[in-house]
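This is what each chain is made of:
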Amino acid sequence: MGRKLLLEKAHVPGIRSYEVYRREGGYASVEKAFKHMSPDLVTEEVKKSGLRGRGGAGFPTGMKWSFLAKPEGVPRYLVCNADESEPGTFKDRYLMEFIPHLLIEGLIVASYALGSNRTYIYIRGEYAWIVDILEQAIAEANANGWLGKNIMGTGFDCQIYVQRGAGAYICGEETALIESLEGKRGNPRIKPPFPAVKGLWDCPTVVNNVETLAAVVPIINLGGEEYAKIGIGKSTGTKLISACGNINKPGVFEIDMTISVEEFIYSEEYCGGIPNGKKLKACIPGGSSVPILPANLLFKTAKGDTRIMNYESLSDGGFATGTMMGSGGFIVLDEDQCVVRHTLTLARFYRHESCGQCSPCREGTGWMEKILKNIEYGKGKKSDIDLLWDIQRKIEGNTICPLGDAAAWPVAAAIRHFRDEFEWHVDNPVESQSRNFGLAHYADPRPVPVTA
Amino acid sequence: MAEEKKLFKVTIDNITIEVEPGTSILNAARMIGGDVAPPAMCYYSKLKGSGGKCRTCLVEVAAGSTADPRPMPKLVASCRTNVMDGMVVKNITSERVIDARNGVVEFLLLNHPLDCPICDQAGECHLQDLSYDHGKEGTRYEFNRRTFKKHDLGPYIQLHMTRCILCYRCVFTADQLTNKRVHGVLDRGDHAEIATYIEKSLDNDFIGNVIDVCPVGALTDKTFRFKNRVWFLKPVDAHRDCPKCSGKVTLWNRGDEVFRVTARKDQWGEVEDWICNECRFEKKSTNDWVIEGPTKVSRQSVISQGHYEGLKMPKETLVEVLDGRKPRLLMDIHDVSEVNKPTVDLSKIAGPAHSDDFK
């Protein structure tokens with residue numbers, strides 16, 4: 001049984017309301033930080049905790065905070081990125097819906113640490129009902145003196161505003177989010193300058209994911225060093241994983257990054273195995289934009305070690321034989337799933353969500369979708385597979401923002417690991433319309449290289 | 001003693017140059033000139049905030065600076081990356097850059113209609129130049145090119161959305177030259193388009209400049225539409241006293257007729273002085289202008305083929321040959337003959353001359 005820090009109290013009846021949350025020990029971190037700690041000390045605690053950004057990139061949060069420029073007389077902003085739109089990821093939604101005060105509490109502490117007097121939650125447009133929940137929580141926090149002017153007599157003012165996006169995936173990219181928050185078209189900015197220097201309204205800004213900011217609460221309560229003891233190596237603390245696909249118990253789980261991928265899928269505590277006794281074919285462990293892995297590379301790394309659900313172990317082997325932790329959208333595919341069709345679905349998503357600002361992403365994503373569509377519907381050619389590879393190679397790394405990479409990686413990984421299936425689709429155009437390629441050899445154990 | 005401004009030393013394709021801090025790699029490369037300057041489809045030095053989008057100017061940074069000589073992992077957009085002291089940049093000497101640029105050109109041409117034979121921009125189109133210089137022959141794209149619903153921008157400016165490469169230059173132009181921008185980019189991704197949302201005509205006094213900044217034939221001059229190919233015209237520099245703008249323009253003539261008026265452009269195809277709509281669209285007579293002389297046209301440009309720059313009147317040699325004596329009329333034919341009456345003006349005869357005309 002893993003340790004729970006974020007969702008420990010999520011199922012206490014009425015936790016959504018202020019009274020219950022406070023009774024269960026809520027806002028203790030605000031009291032502790034405001035009474036006994038200076039803003040720099042809070043940042044120092046977060047640094048010590050080793051907390052890494054939970055939005056996908058996994059950049060150390062304390063480091064990000066310490067990069068924030070602090071010129072005199074210029075306001076600084078904290079923006080909470082609640083624009084969770086990655087296919088397969090729904091952890092922030094769960095957190096905000098069930099335990100909104102945890103996010104508000106984390107935001108107050110983080111605002112105090114960063115000196116942000118106006119803090120924004122930029123929330124995905126489709127999460128319309130959660131806006132009401134958050135605003136209710138903010139109103140309650142205001143009424144009880146956790147927000148507003150001169151909080152707890154420290155002289156620190158803070159107000160939190162919720163801003164709804166219009167439902168664009170690209171606005172989850174931090175600079176596009178800032179543009180959108182300013183009321184402009186959500187196009188990513190060219191970096192540098194980074195938001196830490198010139199962000200919202202050209203002022204220093206920190207943009208953090210919902211889960212990252214919520215994790216500040218246990219860090220302050222426990223202390224950074226205590227928090228860092230949970231987990232392995234540089235993957236400290238707990239992580240929310242939203243599991244979906246062919247599993248018995250889809251949902252949001254909190255793990256402490258010490259369990260193996262195999263245990264996560266098959267144990268009753270988490271996913272509960274694959275329904276109907278089917279076999280595992282592939283898995284995308286971190287949301288749609290991370291590389292897909294076949295079953296035989298998922299449980300064991302190429303070196304033969306057990307793969308653990310944490311940042312380092314999942315990315316072991318690089319892109320050749322590894323994947324990424326990403327945002328924690330765990331998608332499981334059983335033996336009846338078609339990887340070609342799955343890749344087409346993702347390609348269609350990225351084509352639709354590309355902002356159209358830079359040419360490789362705008363034109364390349366559409367091209368990849370069209371080719372994948374041909375292959376999926378039995379009109380593909382052998383050369384199309386190499387062409388797809390060449391297109392993704394020319395998109396990756398050549399775009400302004402990571403959306404281009406996110407569109408290229410799933411296609412690259414699918415071709416890298418499932419080339420047989422693509423070729424089968426091309427060679428058997430008629431048969432591929434009526435049945436799936438199946439599991440084939442994708443779960444067969446891989447030969448482990450002998451090390452001298 | 002005033003402290004001397006420190007210059008940054010930057011090496012681009014093995015050529016070292018000293019530039020002021022804050023210069024972009026692209027501008028440093030342009031100072032060197034020639035093939036070292038990366039192509040730019042969206043960057044426009046006169047428009048603030050432009051650049052970074054088309055990705056044709058990607059370069060490899062082999063060493064970040066003297067202080068931190070690590071190479072940058074990704075190719076960077078040279079138009080939006082500033083030089084550091086001791087930076088080493090590879091443009092055409094980098095395989096990666098050439099490969100990536102190849103890809104970008106292919107992407108840009110993917111949905112481009114390639115209707116150059118009927119496009120008014122042909123001959124002065126940056127996308128044409130780019131694809132000749134950096135592209136491959138043929139495309140691997142086998143699908144229908146995208147189309148858009150026609151959108152009218154008023155009496156002066158013709159929009160062909162299918163040709164657009166979404167460089168955003170016209171958006172920046174309208175933002176920075178006019179007091180109110182009425183057009184912009186609608187929608188997103190490969191279905192993004194330039195439009196006014198609710199059909200409006202672009203009628204600001206300086207909006208005509210969007211035609212000059214457009215690198216392709218997406219925005220063209222309606223008053224010049226299908227009138228002539230640019231390489232048949234002869235560009236001449238001219239000016240007039242204009243109360244609104246500098247009045248410094250290029251006239252595109254054929255014979256005495258002014259076919260169109262544009263702003264003057266520098267060697268990178270960028271406008272030197274913005275001009276107003278009146279100069280551009282209304283003053284289409286040679287009488288409106290003071291001609292300064294033929295415009296300098298690069299020898300790379302197809303426009304130079306019909307151009308009379310450098311052409312000189314042949315020297316009058318007769319006087320020299322006759323040792324300074326002027327030629328003398330020995331006999332006037334009209335003294336002895338009734339043929340070819342000087343009173344008959346040949347140019348005023350309807351049709352070819354006939355013996356009846358001289359009766």
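Since we're looking at a predicted model, the values are computed, not measured.

So, on to the overall build of chain B. When its secondary structure is counted, chain B shows eight helices and 13 strands. In summary, chain B has a C-alpha radius of gyration of 27 Å against a globular reference of 21 Å for 359 residues, an excess of more than 25%. Counting only C-alpha atoms and orienting by the principal axes, one finds that chain B spans roughly 95 × 60 × 50 Å. In chain B, buried positions account for 48% of the 359 residues. Residue pairs in contact within chain B that sit at least 24 positions apart in sequence constitute 63% of those at least 6 positions apart. Carbon and sulfur atoms make up 52% of the accessible area of chain B, which totals about 19,900 Å². Put simply, chain B has 51 plus and 51 minus side-chain charges, and the middle of one group is 4 Å from the middle of the other.

Take the sheet that holds strand β3 (residues 58-63) of chain B next. Backbone hydrogen bonds are what pair the strands of a sheet, in a parallel or an antiparallel way. Residue and element names in this part refer to chain B. Pairing within the open sheet is mixed, and its five strands lie in the order β2-β1-β5-β3-β4. Only two strands of the sheet have a single neighbouring strand rather than two, namely β2 (15-19) and β4 (76-77). Sheet analysis places strand β1 (residues 8-12) next to strand β5 (residues 87-90), joined by three bridges and oriented parallel. Looking at β5, one finds that I12 is bridged to V89. Packing against the sheet, helix α1 (residues 25-32) makes contact with β1, β2, β3, β4 and β5, and its axis sits at approximately 115° to β2. Those strands touched by helix α2 (residues 95-110) are β3 and β5, and its axis lies near 165° from that of β3.

Two measures describe an aromatic ring pair: the distance that separates the ring centres and the angle between the ring planes. Residues and elements named next belong to chain A. Going through the model one piece at a time under the given rule, you end up with 31 aromatic pairs over all chains. Chaining the aromatic ring pairs together yields one cluster made of Y18, Y21, Y27 and W146. It is R52 that lies over the ring of Y311; its NZ or CZ is 4.2 Å from the centre.

Residues and elements named next belong to chain A. One can read the domain layout of chain A as domain 1 (18-229), domain 2 (235-334) and domain 3 (339-434). The partner domain 2 presents 23 residues to the 21 residues of domain 1 that form the contact. Summed over both partners, the interface of domain 1 with domain 2 comes to about 1,600 Å²; 53% of that surface belongs to carbon and sulfur atoms. Among the residues of domain 1 in contact with domain 2, R52, R54 and F90 are the three that bury the most area, contributing 30% of the side total. Seen at the junction of domain 1 and domain 2, the total is two salt bridges. R52 is the partner of E312 in a salt bridge, and the nearest nitrogen-oxygen pair spans 2.9 Å. Linking domain 1 with domain 2 are 15 residue pairs in polar contact (both at pLDDT 80 or more). Per-element accounting of the side of domain 1 that touches domain 2 gives the leading share, three residues, to helix α5 (residues 91-98). Each residue belonging to the side of domain 1 that touches domain 2 can be placed in one class, and the counts come to eight nonpolar, eight polar and five charged.

Residue and element names in this part refer to chain A. Relative orientation of the contacting elements α5 and helix α9 (residues 210-222) amounts to 50°, with a least axis distance of 9 Å. With respect to α9, the element α5 is oriented oblique. Each of K91, D92, L95 and M96 in α5 lies in contact with α9, whose residues at this interface are V210, E211 and A214.

Okay, the domain arrangement of chain B next. Segmenting chain B into domains produces domain 1 (8-106), domain 2 (116-125 + 142-226) and domain 3 (320-358). For domain 2 of chain B and domain 3 of chain B, the distance between their C-alpha centroids amounts to 56 Å.

Let us now look at the environment of D335 of chain B. Residues and elements named next belong to chain B. Tracing the backbone through its elements, the reader meets D335 in helix α8 (residues 333-336). Residue classification places D335 among the exposed residues on the basis of a relative accessible area of 64%. On a C-alpha basis, the gap between D335 and L58 in space is 78 Å, while along the polypeptide they are 277 residues apart.

Moving on: the nonpolar core. Counting residues in each nonpolar core, the largest one holds 65 residues, and the members touching the most others are L103, I104 and I121 of chain A. In this view, I121 of chain A contacts C80, A82, L103, I104, L107, L134, I160, Y161, V162 and Q163 of chain A; residues no more than four positions away in its chain are not counted.

A few words now on the pattern of salt bridges. Counted by the stated rule, this structure contains 57 salt bridges over all chains. R393 of chain A serves as the salt-bridge partner of D390 of chain A, at 2.8 Å between the closest nitrogen and oxygen. Separated by three residues within a single helix, D390 of chain A and R393 of chain A lie in helix α17 (residues 382-395), roughly one turn from each other. When the shortest N-O distance is used, the salt bridge between K244 of chain B and D205 of chain B registers 3.8 Å. Taken together, the positions of K244 of chain B in the loop between β10 (234-239) and β11 (248-254) and D205 of chain B in the loop between β8 (193-195) and α5 (209-213) put the pair 39 residues apart, joining distant regions of the chain. On the basis of relative accessibility, which here comes to 39%, the residue K244 of chain B falls in the partly exposed class. You can call D205 of chain B partly exposed: its relative accessible area is 35%. Three or more residues are tied together by salt bridges with common partners; here these are D390, R393 and K394 of chain A together with D99, E106 and R140 of chain B.

The rules behind these values
Residues numbered from 1 in each chain as written. Chains lettered and ligands numbered in written order. Predicted model: local features only at pLDDT ≥ 70, side-chain atom pairs only at ≥ 80, totals over all residues. Heavy atoms only, no water. Helix = DSSP H or I, 4+ residues; strand = E, 2+ residues; numbered from the N terminus. Rg over C-alpha atoms; globule rule 2.2 N^0.38 Å. Buried < 20%, exposed > 50% of the residue type's maximum accessible area, 1.4 Å probe, protein only. Contact = heavy atoms within 4.5 Å. Areas by Shrake-Rupley, 256 points an atom, 1.4 Å probe, with all protein chains shown as cover. Lys, Arg positive; Asp, Glu negative; His and termini not counted. Charge placed at Lys NZ, Arg CZ, Asp CG, Glu CD. Pairing = 2+ DSSP bridges. Axes fitted to C-alpha atoms, helices over the stretch in contact; angles between N-to-C directions. Phe/Tyr/Trp six-rings, centres within 6.5 Å; stacked < 30°, edge-to-face > 60°. Lys NZ or Arg CZ within 6 Å of the ring centre and 35° of its normal. Domains from an automatic or database assignment. Buried area = accessible area lost by both parts, 1.4 Å probe. Salt bridge = Lys/Arg side-chain N within 4 Å of Asp/Glu carboxyl O. Polar contact = N/O pair within 3.5 Å; in protein donor to acceptor, adjacent residues only side chain to side chain. Nonpolar A, V, L, I, M, F, W, Y, C, P; charged D, E, K, R; others polar. Parallel < 35°, antiparallel > 145°, perpendicular 65-115°, else oblique. Core = buried A, V, L, I, M, F, W, Y, C linked by side-chain atoms within 4.5 Å.

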